[in-house]
Each structure stands twice: as C-alpha cells, then as structure tokens.
Amino acid sequence: MKTLPLPPWPAEKLATLSSEALMHAVRDRADEALKRCQEVYPALPAPKVWFDLKGASAGQAHLGRGGLRFNPVLLSNNRQAFFDEVIPHEMAHWLVFHLANGTRFKPHGREWQAVMRDLFGLEPKVTHRFDVQDAQSRPYYYQCGCQTHRFTARRHSLVVKGRRYCCRHCDQTLVYSAFEKL
C-alpha cells in the first residue's frame, strides 16, 4: 500500500503559533498520523505525547512510557520539518513496536522503513539535520589558541576531576574561561 505523505500544514500558520498552540498542533498531527496507522493496524493504541526531550534528539517513541517524546527547542526552531517528517518518523516507530515481535525489530530496520515509505510516503531518513546548538545545554566555555569550545556540565566535571582536552585544530590544551569569547 503506497500512500501520499500527510497533508502539509501551512507554513505561515505554523510560524505564528505560540508554544502552547504549537504543542496542541503537534498532538493534532500525531492524531492524524495515528489514524493513518490504524487504517492498517486498527488495534494500535494512541500514544501519549510529551515535550520533555532534551539534547540533539528531535523525537523518541518510548514503548515503556507509552508514548512519543519531542524536543520543544528543536520543535520551535524546525516547525515544518517536525510536522512533515519527525512526527511520522516517531509514529512509524510506535506502529512497529506494537506489531507481533515488534520489540525484536531493529529501530530503523526493514519494517520501520516499509512503514515510512508505504504508509507515510516518506523517504526513511534515520537522522535529522537540524541545528542543535540551541537545544544542547553547554554553558561551560573553554579556550584554546584558535577558538572557543562549549562543554556540557558532564564534560566540565571531568575537567575539574583532572581530565585534559586538546583542540583538534591547534592541539593546545583547552582552558576554562568563565565567559564566552566575543
């Protein structure tokens, strides 16, 4: 069964939505994707939807928690791509999880790829190409001879415990700086 992608949401409408309205729209889009999945698998339960994902991941289908998680920062910065690609991507995972032996299938294996192509009419892309700098918390700045490096709290704590990092370009040891280089 080969189908067309879900109908596109108007870009100008998406651009004007507040955070709360955007989250409501994501839930509506997830319902649209669910209905498409239920056409071929009527017993598929509706997933819960959360906006608590952080870091570089745009979305996650979480069988244990019973739903889909989305990154609110990446959602806000990449609205159209979320509606066109990320939500169907995660709903495809949700569907495959619920198939017989679904938990044994590879996350981006043949079954998931078939759902993406045949049910959602999309190329089965494994990763996104979003700019994740705003979504990642890297409040610790380190200097070398050629640039400023941003570290996460975890990496900074390793430096505090004695670990050393060197720049890949100039090979100098990175030194903590309390302020970002302007």
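Residues numbered from 1 in each chain as written. Predicted model: local features only at pLDDT ≥ 70, side-chain atom pairs only at ≥ 80, totals over all residues. Heavy atoms only, no water.

Caption draft 1: Just the packing of aromatic side chains, in detail. Following the criterion strictly, the structure yields 7 aromatic pairs and no others. Ring centres 4.9 Å apart and planes at 55 degrees place the aromatic pair W9 and F83 in the tilted group. Taken together, the residues span a long stretch of sequence, with W9 in the segment before helix 1 (11-16) and F83 in helix 4 (residues 79-98) at a distance of 74 residues. Taking relative accessible area as the criterion, F83 reaches 0% and is therefore assigned buried. (Phe/Tyr/Trp six-rings, centres within 6.5 Å; stacked < 30°, edge-to-face > 60°. Helix = DSSP H or I, 4+ residues; strand = E, 2+ residues; numbered from the N terminus. Buried < 20%, exposed > 50% of the residue type's maximum accessible area, 1.4 Å probe, protein only.)

Caption draft 2: Molecular detail of the pattern of salt bridges. All chains considered together, the criterion is met by 4 salt bridges. A salt bridge links D84 to R29; the nearest nitrogen and oxygen atoms lie 4.0 Å apart. Here D84 is found in helix 4, whereas its partner R29 is found in helix 2 (residues 19-40), with 55 residues between them in sequence. Looking at R29, the relative accessible area reads 0%, which means it is buried. Notably, a salt bridge pairs R69 with D52, separated by 2.9 Å at the nearest N-O pair. Note that R69 is positioned in strand 3 (residues 67-70) and D52 in the loop between strand 1 (48-50) and strand 2 (59-62), a separation of 17 residues in sequence. Residue class for D52 comes out partly exposed when judged on its relative accessible area of 30%. What emerges from the salt-bridge pattern is a single network uniting R29, E32 and D84. (Salt bridge = Lys/Arg side-chain N within 4 Å of Asp/Glu carboxyl O.)

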